[in-house]
Amino acid sequence: MLTIAQALTQGARLLDDARISVPRLTAEVLLAHAIGCERTWLYAHSNEELREVWWVHYGRYLHQRLNGAPTQYVTGRQEFYGRDFRVTPDVLIPRPETEHVIEAALELAHNAQNILDIGAGSGAIAVTLALELAAARVTAADISSAAVRIAAANAFRLCARVNFVVADLAACFPERSFDLVVSNPPYVPSTDRANLQREVRDHEPAVALYGGEDGLEVYRRLIPEAQRVLAPRGRLILEIGYATNEAVGAMLASWTEVEMRTDLAGLPRVMTARRP
């Protein structure tokens, strides 16, 4: 039977041969998940022999990853804003770039009393805002009932008070009922599908990825709906896709205090605006 160190080396080699990114780290994450331990434990017990049940689980996880399944779907976990969220193929995997939405909300709308997250997915944005802004009432909507179940489970596990609704954007909410609307809508052009990594293209939910042929289809509906449900002077914070800042900015022409924020790579990432 292999030792933990040997199993890591073997797994990393298989992943590297398959051109999987960060093969050593991926092997560590998958083996730690198979054992049910933290990654640091692996190095403290590197000479320990792998138990048969660990080997069976590790082999299965490696096989899934080699076949293109994202590591996050294999382990069922993804960290977001310092918290551990459960994820499945029913929800988009939260990205670090989306944390810029949280930062903008905490800076610009920290006094918001009623918050709506449109397109909740795993609940990463809604749950985080509910925990960071404890006095706010947070509502989250998603068109996918499966996604809402995942998000509600994350909220329960992290002790966040969020009201979840299965809805198409904000259509079911009354006028002027929120101080802040946030959203990370689908913004990948459907024409770019072939250019996506297979982990994204073949495994993440299409309804959460694609925003029509130009990637702007959801914004065209979402921005007028946000204006309807926002109270006067309420804030809108949107994640935006690559090279869409000018087009989204044009849709916000009647709004005030429109601002584009970049991510750590210097790319346009978040658009903020105040309802006129």
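The text that follows walks through the structure, step by step, so that each part is easy to find. (Residues numbered from 1 in each chain as written. Predicted model: local features only at pLDDT ≥ 70, side-chain atom pairs only at ≥ 80, totals over all residues. Heavy atoms only, no water.)

**Thoughts on the pairing of strand β7 (residues 230-239)**
Then, number 1: In terms of burial, β7 is largely enclosed, as eight of its 10 residues are buried.
Then, number 2: Relative to β7, strand β6 (residues 178-183) runs parallel, the two being bridged by five bridges. The residue bridging L180 from the neighbouring strand is R235, located in β7.
Then, number 3: Pairing analysis gives five bridges linking β7 to strand β9 (residues 268-274), with the strands arranged antiparallel. Bridge pairing in β9 places I237 opposite T272. (Buried < 20%, exposed > 50% of the residue type's maximum accessible area, 1.4 Å probe, protein only. Helix = DSSP H or I, 4+ residues; strand = E, 2+ residues; numbered from the N terminus. Pairing = 2+ DSSP bridges.)

**Regarding the sheet that holds strand β8 (residues 256-262)**
Then, number 1: Judged by pairing direction, the sheet is mixed, and its seven strands sit side by side in the order β5-β4-β3-β6-β7-β9-β8 without closing on themselves. Both outer strands of the open sheet, β5 (162-166) and β8, are each paired with one neighbouring strand and no more. With direction set aside, neighbouring strand axes in the sheet form an average angle of 15°.
Then, number 2: Note that strand β3 (residues 114-118) and β6 share four bridges and pair parallel. Note on β6: the bridge partner recorded for I115 is L180.
Then, number 3: The strands touched by helix α6 (residues 99-108) are β6, β7, β8 and β9; relative to β9, the strand with the most contacts, the crossing angle is about 30°. (Axes fitted to C-alpha atoms, helices over the stretch in contact; angles between N-to-C directions. Contact = heavy atoms within 4.5 Å.)

**A word on unusual backbone geometry**
Then, number 1: With a phi close to 40°, V22 is a non-glycine residue in the positive phi region.
Then, number 2: One can find V22 in the loop between α1 (4-17) and α2 (23-35).
Then, number 3: For R176, which is not a glycine, the phi torsion comes out positive at approximately 55°.
Then, number 4: Note on R176: relative accessible area 52%, which makes it exposed.

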